[in-house]
Amino acid sequence: MDERYDVVVIGGGAAGLSGALTLARARRSVLVVDAGEPRNAPAGNVHDYLGREGTPPAELYAIGRSEVESYGGTVVPGRGMSVRREDDGFRLALDGGRDVHARRVLLAAGLTDDLPDVPGVAERWGSTVLHCPYCHGWEVRDRAVGIVSTGPLGAYAALLWRQWSEDVVLFVHTGAEPAEADLEKLAARGVRIVRGGVAGLEGGADVRLADGGLVARDAVVVAPRFVANGELLADLGAVPVPMEMHGAVLGTYLPADPTGRTDVPGVWVAGNAGDLSAQVIVAAAQGLKAGAMINADLIEEDTARAVAGAPERGGVSAVDRESYDELYRSAPAVWSGRPNGQLVVEAAELPPGSALDAGSGEGGDALWLAERGWRVTAVDFSPVALERGAAQARARGLGDRVDWRHEDLDVWAPPEGRFDLVTAHYLHSTWTDHEALFRRLAAAVAPGGTLLVVGHLMGDHRGHGQHHAHEPGVLHTAEDVAAVLDPQEWRDVVTETRDRDPGAAERTGSPVPDTVLVARRS
């Protein structure tokens, strides 16, 4: 659970490695997950790549991996199996059981060529069966080229390839019969048309016709259906959409803005997954742009945390986060699992609705509310605590009533006006701006809803049971919370000191005091 990166890149081709190189040079921690199956693996060389013209694909990518690693990036073999949103980023499951966390994700997994069902095409794909004249036209210049039409763009393809060869034959296989205007153009350019269907390819690229005839060719051009490799993002709502050209659906792609930013916050796309026509050099350029934009986005987030006075890495110092994770790992259950007493007092008679449990820990309060019909958003900065709470929810049949969110309350802003109850008990961190925190929690309360904030009493630094000693910097008073509430928006505001556990004084000779704020939003 602790393998964390600023960015995880899915795909180790030109787009992914270029994005990773840009990010690594920007001093970002970046992991590239590479399945090792580049789309252009069957091709002998990369073309139209300035400075790398004619480089074998495997050599180009080996150079790229070395460059990424030279700047501190990490490239590993593998596949992304799933990705889910966490409050401060994403959790990615990789094959082999490896889980990693990313603040941002760059999908550069390319596309899959769905080839026409013509015998012999798949075996010759990338050698004598081609699709892109800018990738391979020069290599078959002045050779005998056949266009096997399986859609409405056969005439267009024949005229395009005619630029490289005078010997072009258009085989009207399952494609549309050329329109009258196209027939005139093809005739003017000397393109021969063969009708009747194609039975398959033989030899190097000879075309066997359905009637048994054989037309000798040196290369054959087909039009695959280009399918974006975007399945990994489906659970996040990023769904490939059809790509059309001249009325024909060429395939699917993941839509994004010019920087590669998708509709899913925190997710970018580069290369063929988002641009079906991108050649290698274009994919590399898109990776560079996406990497730069991801870095800019992270800078904005880092700056917002700095302005809020929060440390780096999610607004919680590594020591705080790791110490709490270690605390939760130290025992099967750190807390009692029972709800906090003040919550029971204030919420037992409230009608169930939506609740936000800010600083939920192992989820005792969230589960108590869920059992009483509430739908709960439970937020904490410890993934270990959240996993434990989620496991309890599943065991008690409450898995669909609690949304466990990994968020840093120093910087996370809950949706405004969303919750009928916002509750926070004993928030622990090194906050430097309690006022901003309390304003965000108050803003999340829906009209008519309740705000309940409970803390350790100022001056009571002893700690109790398994608690750490209470550092003065994490404490607040009920009056501190009340001070941020607009009297025009809030009623029945209560600020008082209460004994958290009435039996504690009898058992220990000392009460356990809480400072309690309860308020109702008008």
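The preceding data block contains the structure.
Quick caveat: nothing in here was measured; it's all calculated off a predicted structure. (Residues numbered from 1 in each chain as written. Predicted model: local features only at pLDDT ≥ 70, side-chain atom pairs only at ≥ 80, totals over all residues. Heavy atoms only, no water.)

What exactly am I supposed to notice about the nonpolar core here?
Most often, soluble globular proteins have nonpolar side chains that are buried together. Core analysis: the biggest nonpolar cluster contains 26 residues, and Val7, Val9, Val30, Leu106 and Ile294 have the highest contact counts within it. Every element with two or more residues in this core is listed here: β1 (4–10), α1 (14–25), β2 (30–34), α2 (57–70) and α7 (280–307). If we ignore the near neighbours within four places in the chain, the residues touching Val30 are Tyr5, Val7, Val9, Ala20, Leu23, Ala24, Gly73 and Thr74. (Core = buried A, V, L, I, M, F, W, Y, C linked by side-chain atoms within 4.5 Å. Buried < 20%, exposed > 50% of the residue type's maximum accessible area, 1.4 Å probe, protein only. Helix = DSSP H or I, 4+ residues; strand = E, 2+ residues; numbered from the N terminus. Contact = heavy atoms within 4.5 Å.)

I'm lost on the packing of α1 against α2 in this one. Help?
Each pair of packed helices can be described by the angle between their axes along with the distance between the axes. Closest axis-to-axis distance for the α1/α2 pair is 9 Å, and the angle between their directions is 20°. As judged from the angle between their axes, α1 and α2 are roughly parallel. As α1 packs across α2, the resulting crossing turns out to be left-handed. Across from Ala14, Leu17, Ala20, Leu21 and Ala24 in α1, the residues of α2 making contact are Tyr61, Gly64, Arg65, Glu67 and Val68. For the contact of α1 with α2, the class distribution of residues is seven nonpolar, one polar and two charged. (Axes fitted to C-alpha atoms, helices over the stretch in contact; angles between N-to-C directions. Parallel < 35°, antiparallel > 145°, perpendicular 65-115°, else oblique. Left-handed = near helix turned anticlockwise from the far one by under 90°. Nonpolar A, V, L, I, M, F, W, Y, C, P; charged D, E, K, R; others polar.)

Help me out: how do you make sense of helix α12 (residues 434–443) in this one?
Spacing of three or four residues puts side chains on the same side of an α-helix, whose turn is 3.6 residues. All buried positions along α12 are accounted for by His434, Leu437, Phe438, Leu441 and Ala442. Taken around the axis of α12, the buried residues stretch over an arc of 130°, which confines them to a single face. (Arc of directions from axis to C-beta.)

Looking at this model, I keep getting lost on the side chain of Asp6. Mind explaining?
For Asp6, the location among the structural elements is in strand β1. The exposure class assigned to Asp6 is buried, which follows from its relative accessible area of 13%. One polar contact links Asp6 to Arg103, side chain to side chain, over a distance of 3.1 Å. Excluding residues that lie within four positions of it along the chain, Asp6 makes contacts with Arg28, Ser29, Ala102, Arg103, Arg104 and Leu298. (Polar contact = N/O pair within 3.5 Å; in protein donor to acceptor, adjacent residues only side chain to side chain.)

Would you mind showing me how to read the pairing of strand β24 (residues 445–456) here?
The side chains of a regular strand alternate, first on one face of the sheet and then on the other. With 10 of 12 residues buried, β24 lies mostly within the body of the structure. Taken together, the seven bridges between β24 and strand β26 (residues 513–521) define a ladder with antiparallel strand orientation. By the bridge assignment, Leu451 is partnered in β26 with Ala519. (Pairing = 2+ DSSP bridges.)

Mind showing me how you'd approach the sheet that holds strand β13 (residues 206–209) here?
By way of backbone hydrogen bonds, the strands of a sheet pair with one another, either parallel or antiparallel. Across the sheet, three strands lie side by side as β12-β13-β14; this open sheet has antiparallel pairing. Both edges of this open sheet fall to β12 (198–202) and β14 (214–215), since each of them pairs with a single strand only. In terms of strand pairing, β12 meets β13 through four bridges, oriented antiparallel. Following the sheet pairing, Glu202 is matched in β13 by Asp206.

Looking at this structure, I do not really get unusual backbone geometry. What am I missing?
Note: most peptide bonds trans; most residues except glycine with negative phi. Look at Arg27: it is not a glycine, yet its phi comes out positive at around 70°. Judged by relative accessible area, which is 79%, Arg27 ranks as exposed.

Explain the environment of Arg405 here, please?
For Arg405, the position within the fold is in strand β22 (residues 402–406). Linking Arg405 and Leu386, residues 19 residues apart in sequence, is a C-alpha distance of 7.5 Å. For Arg405, the side chain forms a polar contact with the side chain of Glu407, separated by 2.9 Å.

Help me out: how do you make sense of a nonpolar patch on the surface in this one?
A cluster of nonpolar residues, Leu50, Ile281 and Val282, forms a patch on the protein surface that exposes about 280 Å² of accessible area. Topologically, Val282 is positioned in helix α7. You can call Val282 partly exposed: its relative accessible area is 35%. (Patch = residues over 30% accessible without salt bridge, like charges linked within 9 Å, V, L, I, M, F, W, Y side chains within 5 Å. Areas by Shrake-Rupley, 256 points an atom, 1.4 Å probe, with all protein chains shown as cover. Salt bridge = Lys/Arg side-chain N within 4 Å of Asp/Glu carboxyl O.)

Is there a simple way to think about the sheet that holds strand β16 (residues 225–228) in this case?
Judged by pairing direction, the sheet is mixed, and its four strands sit side by side in the order β7-β16-β18-β17 without closing on themselves. Either end of the sheet is taken by a strand with one partner, and the two such strands are β7 (111–114) and β17 (241–245). Geometrically, the sheet is characterised by an average inter-axis angle of 30° between neighbouring strands, direction not taken into account. Of the pairings in the sheet, the one linking β17 to strand β18 (residues 248–253) comprises five bridges and is antiparallel in character. By the bridge assignment for β18, Glu244 is matched with Val249.

How should I be thinking about the packing of aromatic side chains in this particular structure?
Remark: the centre distance and the inter-plane angle together describe each pair of aromatic rings, the angle taken between the planes. Considering all chains together, one arrives at two aromatic pairs under this definition. Measuring from centroid to centroid gives 6.4 Å for Trp161 and Trp164, while their planes differ by 55°, and the two rings are tilted. Grouped by ring-pair contacts, the aromatic residues Tyr134, Trp161 and Trp164 constitute a single cluster. For Arg141, the ring lying beneath its charged end belongs to Trp138, and the centroid distance is 4.1 Å. (Phe/Tyr/Trp six-rings, centres within 6.5 Å; stacked < 30°, edge-to-face > 60°. Lys NZ or Arg CZ within 6 Å of the ring centre and 35° of its normal.)

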